[in-house]
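# Survey of secondary and tertiary structure
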Amino acid sequence: MLNTIRILHPRNRLNTRLAMRILTPLQTSFLCLFSACVVLAQAQQSLPLNSLSTFSGSSISNPATFGLPASSSLTVSVAICSSQASSERFFLTNGSDVFEIQLESGFGSWTGPSSNNASLLVESVGQSTFEVAVSDNGALIPHSTLVVIHTVHEILDALPLFGDSSANQAILFSPPFAFETTMDPTYPNYTLPSANSSLPEAPSSPTFDLVFAPSSAQLTSLPQTGCSLANMSSAGSVELNDAWLRGSGEWRSQWFVGGLSPGTNYTAYVIQDQVKVSGPIYFVTKSSYAVPLLPPQSPALAYDATSLPTNISDPLLQYMTNFTTMLLTFGCGRDLYSPLQTCSDCQREYRSWLCSVSFPRCSEPFPTPSESSSGGNAQAPFSALQPQPSGVSPRNPFFPVVNYTYTSLLPCLEVCHAVDRACPYFLGISCPVPQFNADASYGVGFIDSGDSGVAWLKIDGVTYGVMEIKKSLLGVIVQSIARKSVMLVDHSAPDCEIYIGALPSGEVMAFVLLVHLSSLVPWSEGWRCNLRPDQRSGFRMLGAA
């Protein structure tokens, strides 16, 4: 006779279960009843392996028993699909022990070995609906090897991503399901993507479903299971759904939704393969929304490479082509201009910058004016919202001049800094700095750091700005390196001073290092260092954060 009951928390596994010895007659009677149910279960429905089954309380007995397959490592997960509170209890025997699968947020699971007489008992079913997933290999449906799919009801750690919204539309993304990896080209066949490059073919993906509703619908009060959330009707409609490769190399499922209400808070979930829940996330639609372009011509729902007006796209493609041609005049793949960056990195960051400054991201006026820093060492962000008055030429001269006002969201200054860091110095890329009106064209103080964002070079007692270094002081730097009289000071980290001296292997190496350091504008957060010449190794780091 069975002599042990184990209570299993939904997030626990076999090696962490809690055991309670049965000592009372009541417990013994319960086990006898369960044993009788197990015998009857042989005539009841058996749950197939690697499957998801749905049951309604109105169509099964109470209590209900289900046969389970034998396996050295079986996973059984259960989920409540009803929106109301339910009283179901799930007991499982693997042939030697009895476990109760406790539910948290409407789901629970068990993993362990099972024998031929293993079974699942469900009591207090009522009229509710529930799901049971049974697996021995961790996958219901085969997917890309880049994605690990487990057959258990669970809440994923990765959240959906909110793209943007208008007054009645929004763009949302699933959690990443794959990652694109590209190999850098090599010399002598160092080729870069063309200006009008297309997305690579999307890899196989899980099945994703988007659920969203006004926050007043209280989706978070429901059982946080895929079947419960999927039963809720979404406010609005999905107008477009496809796979999208974001700039960070993440493949995500993308939804373009419409029919939303202006100025409304929404809650959104993404359900993966019916059993996994990602979310919730929250977003709000804008109360009003104006853009500098008319809506695209039907049947296009939004602008993309196929529907963008050629008077806007053609100049940008030409800019990209010209930049790539200039970049390839450098010995890409053969010569080194940075120990960290390549020509491929440079082109990628320039493409990102070009798109960011050419296509305004529109918003609405912020209800309260932002406050700028009035003192102290901390830099307060400037407002990145820039009103565009009626009849004024936009930042991108190829956009039309409109007879209404709209508000643009400026790109972050870091978008420019990323190009500066990634590209060879001879391209002459330079970015504005906060103390010289950078906030007129970029959002400042959000992901960049420092009081002013300016690094300075001190040569023979004379201080120069980084922009001057790149334009006119290269020869002076090389001469000063030989005299060991060059000092690079970053004012966003006042206690960081770098003294550059000649390397034993020659001045060229020291010059390359100095040019690379001078491109780091602003300096990364956490730099607190001293770098001084060392006769044995050239440079010696005396301290770092």
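Remember, it's a predicted structure, so these values are computed and weren't measured experimentally.

### Description of the sheet that holds strand β21 (residues 385–388)
Pairing within the open sheet is antiparallel, and its 3 strands lie in the order β20-β22-β21. Only two strands of the sheet have a single neighbouring strand rather than two, namely β20 (361–363) and β21. Along the sheet, successive strands turn relative to each other by an average axial angle of 45°, direction set aside. By the bridge criterion, 3 bridges tie β20 to strand β22 (residues 406–409) in an arrangement that is antiparallel. Residue R361 lies in a different strand from β22, and its bridge partner there is L409.

### What to know about the packing of aromatic side chains
Counted according to the given criterion, the structure contains 13 aromatic pairs. Taken together, a centroid distance of 5.5 Å and an interplanar angle of 45° make the contact between F99 and W110 tilted. Of the two residues, F99 sits in strand β7 (residues 98–101) while W110 sits in strand β8 (residues 107–114), which places them 11 residues apart along the sequence. Of the two residues, F99 and W110, neither departs from the other in class, the shared state being buried. Pairing F330 with Y337 gives two aromatic rings, centres 5.3 Å apart and planes at 85°, and the pair type is edge-to-face. By the burial criterion, F330 is buried, and Y337 matches it. The cationic tip of R246 hangs over the ring face of F173; the distance from NZ or CZ to the ring centre is 5.1 Å. Of note, R395 hangs over the ring of Y442, and the distance from its end group to the ring centre comes to 5.1 Å.

Criteria and thresholds
- Residues numbered from 1 in each chain as written.
- Predicted model: local features only at pLDDT ≥ 70, side-chain atom pairs only at ≥ 80, totals over all residues.
- Heavy atoms only, no water.
- Pairing = 2+ DSSP bridges.
- Helix = DSSP H or I, 4+ residues; strand = E, 2+ residues; numbered from the N terminus.
- Axes fitted to C-alpha atoms, helices over the stretch in contact; angles between N-to-C directions.
- Phe/Tyr/Trp six-rings, centres within 6.5 Å; stacked < 30°, edge-to-face > 60°.
- Buried < 20%, exposed > 50% of the residue type's maximum accessible area, 1.4 Å probe, protein only.
- Lys NZ or Arg CZ within 6 Å of the ring centre and 35° of its normal.

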